Structures are given as structure tokens and as C-alpha cells.
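Overview (structure and organization)
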Amino acid sequence: MREEGNGEKVMVMARDFFWSYTDEPHATRRRQILSQYPQIKDLFGPDPWAALKISGVVLLQLLTATLLHDASWLKILIVAYFFGSFLNHNLFLAIHELSHNLAFSTPSYNRWLGIFANLPIGVPMSVTFQKYHLEHHRYQGVDRIDMDIPSQAEARLVRNALTKSIWVVLQLFFYALRPLFLKPKPPGLWEFTNFAIQLTLDAAIVYFYGWRSFLYLIASTFVGGGMHPMAGHFISEHYMFNPEQETYSYYGPLNFLTWHVGYHNEHHDFPRIPGSKLHKVKEIAPEYYEGLEAYESWSQVIYMYVMDRTVGPFSRMKRKSKKSE
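Below is a summary of the structure that appears in this document. Please read these numbers as outputs of a predicted model, since none were measured by experiment.

1. Some remarks on the side chain of histidine 26
Mapping histidine 26 onto the fold places it in helix 1 (residues 25-36). With a relative accessible area of 1%, histidine 26 lands in the buried category. Setting aside residues no more than four positions away along its own chain, histidine 26 makes contact with Gln140, Thr247, Asn265, His268 and Asp269.

See below:
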């Protein structure tokens, strides 16, 4: 906001990130809640149904792709947006769940399941995602470490409703490519395994069913990560419509399709609790969450982000990196 010469206040977008000189709020709240409600620890641990749920979605999406091998391009796009996008975004968030080892107690089993969940997405990402995502939790908002935060280039280019709309449509590309340019990590054996298995599946789809089946999977991934209700969580989780709050929860019906990632304050407070049990955190300790702003619609969040002149990629909280990090 700035004041014009006539005394009128004009709403303008920030030209820098919000900066905090305190620690992220979740570790403190976690300690407070556990001291008052130690029974929350009973919620820790894997979801015994995770592997079955993931398998069902993977098989359904691959079956859909094979059935569309001779469909028209228009039909492929329609099915991808209104059906396949929900499945692939569900799998993306299953990979998020697996990055916290919430299907099995043994980490390697979660990685194998993540590689399996990755198959219909079409692009190998499950192993690399875990590396960067765990840093997002451990160093939330820390400059040059938390790759969930837009780059300076993104923030300076995206300045109005039109460029914000384009950014939302392409946000999955930014989300995926940002860490590879700003903080590349050398690939290891797990990445090469993920890459090899994914390319083998992609080649098999093209060989046996043709390019249309493969491009249906790719379209399902990228339209579901753009101007789509499921993708609203990318913005709702940490973009600051209120400068006093840096993480927001969503309590709408799409939680049932997204591994309850909408319970995002609860998730950051307790990343060892599977999504299926996060609602119990709020039930046990309601006084810690009822005073926080939350959303009921991810579509509305996207609309607010695009149309609010004061909100953009700079609307994120940052912290200076400590030497120990």
C-alpha cells in the first residue's frame, strides 16, 4: 500500500518478501501442544492403508490411459482435466506423504512405493522431491534453502493479474524446475533408479498404446498442477494474505482426494502424523488452530491470488540463513 499526493491510499504489490527474525512457528507450537496433549504421539506412524490406496489410483490411471489410445485430442484433454488431473494430483500428494515415510516404518519401502506412485505422473520426481521437501520443513522460509519459495526472477516478473494467471497455469513447471536451477543437488542411486523405471514405463506406454495414451498422462499431470482446484493448495499453504500468518490450513472437501494436505498447519506442526489422522490434531487441541485463518475453497484462493493487487510471489515469509545451516 502507498499513499498518493492527494492523500488516497493505493493498494500495490510488495517489492520484496516479508522477512522474519524469529524461528518458524511450528516447532514452538509442537512443543506446546505435546506438553499439554501428550496423547497426540499416539497418532504418529504410518497409514496402513496407504499402499492399497496408492495402488488403486495408479492402476486406475494407467487403465484410463490405455483406453484413450485412439481417442481424439479434444477428448483426451477433457478427460485429463476433469478426471485424470485429480488422479495424478492425488499421486503427487501421495508422494508428499511418502516423503515423510508415512506408508511404512522402513524408509526404503516408502521410496519404492513413491517410485511406483510416480509412474502415471510421467516425469521422474518422487526421489528428488523428498530431498527438497524435507528441507522445506526443517528450514521453512530460510533464504536459499527453502525451495518452496519463488525466486527473485519470478517475483519481479509476475506483477499483475495477467502475469499471475500465466504463473498459476505454469506453476508446476516453476515448482519442479526452481530447485534444479537455484540449488541443484547431485543425483544418487535412488534418482537414477526412479529415472530408469519411469522412462521404462513411459516407453512401454508409447510402444504398446501410442503417444496419445502417454500424452494423456502428461496432460493429467500439468493441467492438474495449474489453473485447477486441486492446485490451489500450492498457493493456500504459505502465501500470506495476512502478514501475521505464514501457514494456512484448508478444511474443504478436496482434502479427501489430497491426503488431507489441506490440514497444513497441523501437518507442519506434526509431519510424522499421516494425513488421514491430521483432523484429530485439531480435535484434540482446537484452541491452537481455531484462532488461525483458514480456507474452505482452493478455487477461491486461486481467484484471490490473481485478483488481489497486493498479493503475488513476494507474498512469502523469508528468514536469513544461519551459519549452522
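2. Observations concerning the environment of asparagine 110
Assignment of secondary structure puts asparagine 110 in helix 4 (residues 107-118). By relative accessible area, asparagine 110 is classed as buried at 2%. Each C-alpha atom of the pair asparagine 110 and tyrosine 216 lies 27 Å from the other, and the pair is 106 residues apart in sequence. Beyond its immediate chain neighbours, meaning those up to four positions away, asparagine 110 contacts Leu98, Asn101, Leu102, Ala103 and Phe104.

3. Examining a nonpolar patch on the surface
A contiguous nonpolar surface patch, about 960 Å² in accessible area, is contributed by Leu162, Ile166, Val169, Leu170, Phe173, Leu177, Leu180, Phe181, Leu182 and Met227. Of the residues forming the nonpolar patch, the biggest block, 5 residues, is contributed by helix 8 (residues 171-182). In this fold, methionine 227 is placed in the loop between helix 10 (211-223) and helix 11 (232-236). Here methionine 227 falls in the partly exposed class, since its relative accessible area comes to 36%.

4. Regarding the nonpolar core
In terms of nonpolar packing, the biggest core is built from 55 residues, with Ile54, Ile235, Phe241 and Tyr305 touching the most fellow members. Contributions of two or more residues to this core are made by helix 2 (50-67), helix 3 (73-99), helix 4, helix 7 (161-169), helix 9 (189-209), helix 10, helix 11 and helix 14 (298-307). The element contributing the most residues to this core is helix 3, with 9 residues. By size, the runner-up hydrophobic cluster in this structure holds 13 residues, among which are Leu34, Ile40, Ile273 and Leu278.

5. Comments concerning helix 2
With 18 residues, helix 2 extends 26 Å from end C-alpha to end C-alpha; this agrees with the ideal 26 Å at 1.5 Å per step. Among all positions in helix 2, only Ala50, Ile54, Val57, Val58, Gln61, Leu62, Thr64, Ala65 and Thr66 are buried. In this structure, the buried side of helix 2 is in contact with helix 3, helix 4, helix 9 and helix 10.

6. Some details on unusual backbone geometry
Trans peptide bonds make up most of the peptide bonds, and negative phi angles are found at most residues other than glycine. Phi at asparagine 101 takes a positive value of approximately 60°, unusual for a residue other than glycine. For asparagine 101, the position within the fold is in the loop between helix 3 and helix 4. The class of asparagine 101 is partly exposed, set by a relative accessible area of 26%.

7. Some thoughts on the side chain of lysine 318
You can see lysine 318 is positioned in strand 6 (residues 317-319). Exposure remark for lysine 318: the relative accessible area of 9% places this residue in the buried category. Sequence-distant contacts of lysine 318, defined by excluding residues within four places in its chain, comprise Phe17, Phe18, Trp19, Ser20, Gly141, Asp143 and Ile149.

8. Focus: the packing of helix 3 against helix 10
Helix 10 packs onto helix 3 with a crossing angle of 50° between their chain directions and a minimal axis gap of 7 Å. Looking at the two axes, helix 3 sits oblique to helix 10. Note that helix 3 runs across helix 10; the crossing there is right-handed. Across the interface between the two elements, Trp73, Ile76, Val79, Ala80, Tyr81, Phe83, Gly84, Ser85 and Asn88 of helix 3 pack against Arg212, Leu215, Tyr216, Leu217, Ala219, Ser220, Thr221 and Val223 of helix 10.

9. Looking at the environment of aspartate 16
Along the chain, aspartate 16 falls in the loop between strand 2 (9-10) and strand 3 (18-20). Between the alpha carbons of aspartate 16 and alanine 65 there is a distance of 44 Å; along the sequence they are 49 residues apart. Beyond its immediate sequence surroundings of up to four residues, aspartate 16 is in contact with Gln152 and Phe314. Within the structure, aspartate 16 has its side chain in polar contact with the side chain of tryptophan 19 (distance 3.2 Å).

10. A closer look at the packing of helix 4 against helix 5 (residues 126-138)
Two elements in contact, helix 4 and helix 5, have axes separated by 8 Å at closest approach and are oriented at 120°. The angle between the axes of helix 4 and helix 5 places the two elements in the oblique class. Contacts between helix 4 and helix 5 involve Arg111, Gly114, Ile115 and Asn118 from the former and Ser126, Val127 and Gln130 from the latter. Residues belonging to the contact of helix 4 with helix 5 are distributed by class as follows: 2 nonpolar, 4 polar and 1 charged.

11. As for the environment of asparagine 194
Topologically, asparagine 194 is positioned in helix 9. Overall, the relative accessible area of 2% leaves asparagine 194 in the buried class. Distance in space between the C-alpha atoms of asparagine 194 and glycine 114 is 8.9 Å, their sequence separation being 80 residues. Ignoring sequence-local partners within four residues, the contact set of asparagine 194 consists of Ile115, Asn118, Pro124, Met125, Ser126 and Val127. Within the local environment of asparagine 194, its side chain forms a polar contact with the backbone nitrogen of serine 126, the two atoms lying 3.2 Å apart.

The rules we used
- Residues numbered from 1 in each chain as written.
- Predicted model: local features only at pLDDT ≥ 70, side-chain atom pairs only at ≥ 80, totals over all residues.
- Heavy atoms only, no water.
- Helix = DSSP H or I, 4+ residues; strand = E, 2+ residues; numbered from the N terminus.
- Buried < 20%, exposed > 50% of the residue type's maximum accessible area, 1.4 Å probe, protein only.
- Contact = heavy atoms within 4.5 Å.
- Patch = residues over 30% accessible without salt bridge, like charges linked within 9 Å, V, L, I, M, F, W, Y side chains within 5 Å.
- Areas by Shrake-Rupley, 256 points an atom, 1.4 Å probe, with all protein chains shown as cover.
- Salt bridge = Lys/Arg side-chain N within 4 Å of Asp/Glu carboxyl O.
- Core = buried A, V, L, I, M, F, W, Y, C linked by side-chain atoms within 4.5 Å.
- Expected span 1.5 Å × (residues − 1).
- Axes fitted to C-alpha atoms, helices over the stretch in contact; angles between N-to-C directions.
- Parallel < 35°, antiparallel > 145°, perpendicular 65-115°, else oblique.
- Left-handed = near helix turned anticlockwise from the far one by under 90°.
- Polar contact = N/O pair within 3.5 Å; in protein donor to acceptor, adjacent residues only side chain to side chain.
- Nonpolar A, V, L, I, M, F, W, Y, C, P; charged D, E, K, R; others polar.

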